[in-house]
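# Coordinate inspection notes
The primary structure of each chain is shown beneath.
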Amino acid sequence: KECAPRGAAAGRIAGIVLGLCVACGLAVWAYSMTAWRKKTFIGPLLRFADRSVKYYVGGGMTAKVKILFGFYQISTVLSSTYSARLPDKYTSWTDNLANAISIDWS
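This structure is a prediction, so every number in the text was calculated from the model and none was measured.

### Description of the overall build of the protein
Looking only at helices and strands, one finds four helices and zero strands in the protein. For 106 residues, the compact-globule estimate of 2.2 N^0.38 gives 13 Å, and the protein exceeds it by more than 25% at 20 Å. Referenced to the eigenvectors of the C-alpha coordinate spread, the extents of the protein come out at roughly 55 × 40 × 20 Å. Per-residue burial for the protein yields a buried fraction of 9% across its 106 residues. Looking at the protein as shown, the accessible area adds up to about 8800 Å², and 69% of this sits on carbon and sulfur atoms. Once the 13 positive and 5 negative side-chain charges of the protein are each reduced to a mean point, those two points are 17 Å apart.

### Looking at the packing of aromatic side chains
The full count for this structure, using the stated rule, is one aromatic pair. When the ring centre of Tyr31 is taken as origin, the NZ or CZ atom of Arg37, which lies over that ring, is 5.0 Å away.

### Points about the packing of helix 3 (residues 61-82) against helix 4 (residues 88-101)
The geometry of helix 3 relative to helix 4 is characterised by a closest axis approach of 10 Å and an angle of 85° between their N-to-C directions. One way to sum up the angle between helix 3 and helix 4 is to call them roughly perpendicular. Listed contacts from helix 4 to Leu68, Phe71, Tyr72, Ser75 and Thr76 of helix 3 are Tyr90, Thr91, Trp93, Thr94, Leu97 and Ala98. Tallied by class, residues from the contact of helix 3 with helix 4 come to seven nonpolar, four polar and no charged.

### Here we look at the side chain of Arg37
Here Arg37 lies in the loop between helix 1 (6-32) and helix 2 (43-58). Residue class for Arg37 comes out buried when judged on its relative accessible area of 14%. In this structure the side chain of Arg37 is engaged in a polar contact, spanning 2.7 Å, whose partner is the side chain of Asp50.

### Overview of the environment of Phe41
Mapped onto the secondary structure, Phe41 falls in the loop between helix 1 and helix 2. Residue Phe41 is classed as exposed on the basis of its relative accessible area of 66%. Each C-alpha atom, one on Phe41 and one on Trp29, is 16 Å from the other, the two residues being 12 residues apart in sequence.

Criteria and thresholds
- Residues numbered from 1 in each chain as written.
- Predicted model: local features only at pLDDT ≥ 70, side-chain atom pairs only at ≥ 80, totals over all residues.
- Heavy atoms only, no water.
- Helix = DSSP H or I, 4+ residues; strand = E, 2+ residues; numbered from the N terminus.
- Rg over C-alpha atoms; globule rule 2.2 N^0.38 Å.
- Buried < 20%, exposed > 50% of the residue type's maximum accessible area, 1.4 Å probe, protein only.
- Areas by Shrake-Rupley, 256 points an atom, 1.4 Å probe, with all protein chains shown as cover.
- Lys, Arg positive; Asp, Glu negative; His and termini not counted.
- Charge placed at Lys NZ, Arg CZ, Asp CG, Glu CD.
- Phe/Tyr/Trp six-rings, centres within 6.5 Å; stacked < 30°, edge-to-face > 60°.
- Lys NZ or Arg CZ within 6 Å of the ring centre and 35° of its normal.
- Axes fitted to C-alpha atoms, helices over the stretch in contact; angles between N-to-C directions.
- Parallel < 35°, antiparallel > 145°, perpendicular 65-115°, else oblique.
- Contact = heavy atoms within 4.5 Å.
- Nonpolar A, V, L, I, M, F, W, Y, C, P; charged D, E, K, R; others polar.
- Polar contact = N/O pair within 3.5 Å; in protein donor to acceptor, adjacent residues only side chain to side chain.

Any functional reading would require information beyond the geometric quantities listed.
Right under this line is the structure:
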């Protein structure tokens, strides 16, 4: 298998980042349109977003997601850094997630 040229890989990464920025910008713009909440085609989605944000902030989910993300980062490099392995019941979901989201940087 031959590696892709650096320019092509950098272009793909830049395209993905730019696409994500545009998508997030459009989502924020649509979310800020308060008059759209009464429209039939996008109103239910925006009202659902309002409720989701309310429950996310009200439930203190930011700290919980940060802790979960930190555990994921530690458990994925634990075996390669310290030659230690956590039991499978702790790391099976992280292995599956790492395989699903893995980015081939070569």
